[in-house]
Amino acid sequence: MDNNNKKLSIITLIIFTVLYLMFTSFPPRRQFSQLNITELNQNRNSGFDFSGHYEVDMNNKKPHKRPADYYNIKTKQTMGTQCNKQVTLQSFRLENVLKNQMFFLETSGRSKLSPRQACSVESAAKFSNLHAQVILLSDMLDLTDNSTCYLHQTVSNVSFYKIDLQTIYEKTPLQDLMKSKKFVKSKFKVTHQSDALRLALVFKYGGFYSDMDAVTIQDLSTFKNVIGATKINAKVGTLAHLANGEFQFEAKHQLLWETMKMFTKMFTGNTRIEVGPMLITKAVKNYFHIEGIESLKNKMLTVLPIETFYPVKAFEINHLWPEESKTFQDWSRLFENCSMVHFYASQTNAWVVERDPSHEAYAVIGPRYCPTSFWSADQF
């Protein structure tokens, strides 16, 4: 009997030790004051179209990092049996082209959108006054994800397609490169495929292109032949360069053709950003024979102010998850001159959104501009 009691005591001690470690190894889930939208002001053409309030958390807080890959998050669907399936996607063709369209690309091969990708599409559908054309490299769309099913089943100005890569690159400067062994062996094939595909799509069909880590907060339908500028660092004297994350061009635009020609010459497949922002910057500088691009404005191209699409630049991502608390007025000032907010997914997907508006831009932007995507995921 004594041995049995000893065994029971040891087992009990082990259980309590495990439970203790489980509950002390992770920070406790805190409750934050949620954003309350107090007034809408839809007459504005930049910045927030609403006023809001929340109780400011006066504690300093660093972003929490998730231990697992963000794209492995599964959002349980709650929309019923209509979403308990995958659907086969049709190929995007000439007959699917619309006058006012906005392209989004998912080039990883995944068959669903992450909550933050869905937020990008949802906000565009609600506020851009454009039709969102979501292009996947997957043949199937997984509707078992809540926000993906919502966009597919209920949002009239969102369409999902797959793409025939061989067809889209035909009769463009990229045609031979995209079939080459050099491209197949690219060390950053997903990124390079995205960089190429956006150029070919917009060249052939015209429209707005957006990365799927940007949130639309204003009408984009008036932008014609535009691209956004940004900077690589905060050093005095650093010149602005073009970013290829958001742009709009009419079909058959010569600058896109020149950029694709340069793409084939510069591509090595060895570095992630070799055919990204600096490529299109160089193409524009060469075409117009200029050194600075920030003030460029003519019939062919308008370079928009940095704040329009990139109010927070890539080297300032801590401003999107600030350690020091922010009031609603602080956020409103930060974004007052923008039409979109870029979130730089490759750098910030690891940062957890706890829905704390004092320390997270998403917690202020999400409830207004992509509420279904924002609230339907336990881990946004």
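Refer to the structure printed above.
Residues numbered from 1 in each chain as written. Predicted model: local features only at pLDDT ≥ 70, side-chain atom pairs only at ≥ 80, totals over all residues. Heavy atoms only, no water.

1. Notes on the sheet that holds strand 10 (residues 226-230)
Then, number 1: The sheet built from seven strands is open, its strands ordered 7-5-4-8-11-10-12 with mixed pairing. On the outer flanks of this sheet lie strand 7 (158-162) and strand 12 (302-304), each paired with one strand and no other. The mean angle between the axes of side-by-side strands here comes to 30°, regardless of whether they run parallel or antiparallel.
Then, number 2: Summarising the sheet, strand 4 (residues 101-106) and strand 8 (residues 207-210) pair through two bridges and their orientation is parallel. Residue pairing across strands places Phe103 opposite Tyr209, the latter belonging to strand 8.
Then, number 3: Those strands touched by helix 6 (residues 189-205) are strand 4, strand 5 (131-136), strand 8 and strand 11 (241-249), and its axis lies near 155° from that of strand 4. (Pairing = 2+ DSSP bridges. Helix = DSSP H or I, 4+ residues; strand = E, 2+ residues; numbered from the N terminus. Axes fitted to C-alpha atoms, helices over the stretch in contact; angles between N-to-C directions. Contact = heavy atoms within 4.5 Å.)

2. Section: the pattern of salt bridges
Then, number 1: Within the structure shown, the criterion is met by eleven salt bridges.
Then, number 2: The salt bridge involving Glu354 is made with Lys61; its shortest N-O contact spans 3.0 Å. Here Glu354 is found in the loop between helix 11 (345-348) and helix 12 (362-369), whereas its partner Lys61 is found in the loop between strand 2 (50-53) and strand 3 (86-88), with 293 residues between them in sequence.
Then, number 3: In this structure, Glu316 and Lys313 form a salt bridge, with 3.6 Å as the shortest nitrogen-oxygen distance. One exposure class covers both Glu316 and Lys313, and it is buried.
Then, number 4: Taken together, the salt bridges that share partners define one network made up of Lys61, Glu354, Asp356 and Glu360. (Salt bridge = Lys/Arg side-chain N within 4 Å of Asp/Glu carboxyl O. Buried < 20%, exposed > 50% of the residue type's maximum accessible area, 1.4 Å probe, protein only.)

3. So, the packing of helix 7 (residues 254-266) against helix 8 (residues 277-288)
The description of two packed helices rests on the angle between their axes and on the distance between the axes.
Then, number 1: Taken N-terminus to C-terminus, the directions of helix 7 and helix 8 make an angle of 120°; their axes are 9 Å apart at the nearest point. Classified by the angle their axes make, helix 7 and helix 8 are oblique. In the packing of helix 7 onto helix 8, the handedness of the crossing is right-handed. On the side of helix 7, the interface is formed by Gln254, Leu255, Glu258, Thr259, Met262, Phe263 and Met266, while helix 8 contributes Leu279, Ile280, Lys282, Ala283, Val284, Asn286, Tyr287 and Phe288.
Then, number 2: Here the contact of helix 7 with helix 8 is built from residues that sort into ten nonpolar, three polar and two charged. (Parallel < 35°, antiparallel > 145°, perpendicular 65-115°, else oblique. Left-handed = near helix turned anticlockwise from the far one by under 90°. Nonpolar A, V, L, I, M, F, W, Y, C, P; charged D, E, K, R; others polar.)

4. Observations concerning the side chain of His359
Then, number 1: By secondary structure assignment, the location of His359 is in the loop between helix 11 and helix 12.
Then, number 2: With relative accessibility at 1%, the residue His359 sits in the buried group.
Then, number 3: At 2.8 Å, the side chain of His359 forms a polar contact with the backbone oxygen of Asn59.
Then, number 4: Among all residues touching His359, those that are not within four sequence positions of it are Asp57, Asn59, Asn60, Lys61, Leu320, Trp321, Pro322, Glu323, Glu324, Ser325 and Trp331. (Polar contact = N/O pair within 3.5 Å; in protein donor to acceptor, adjacent residues only side chain to side chain.)

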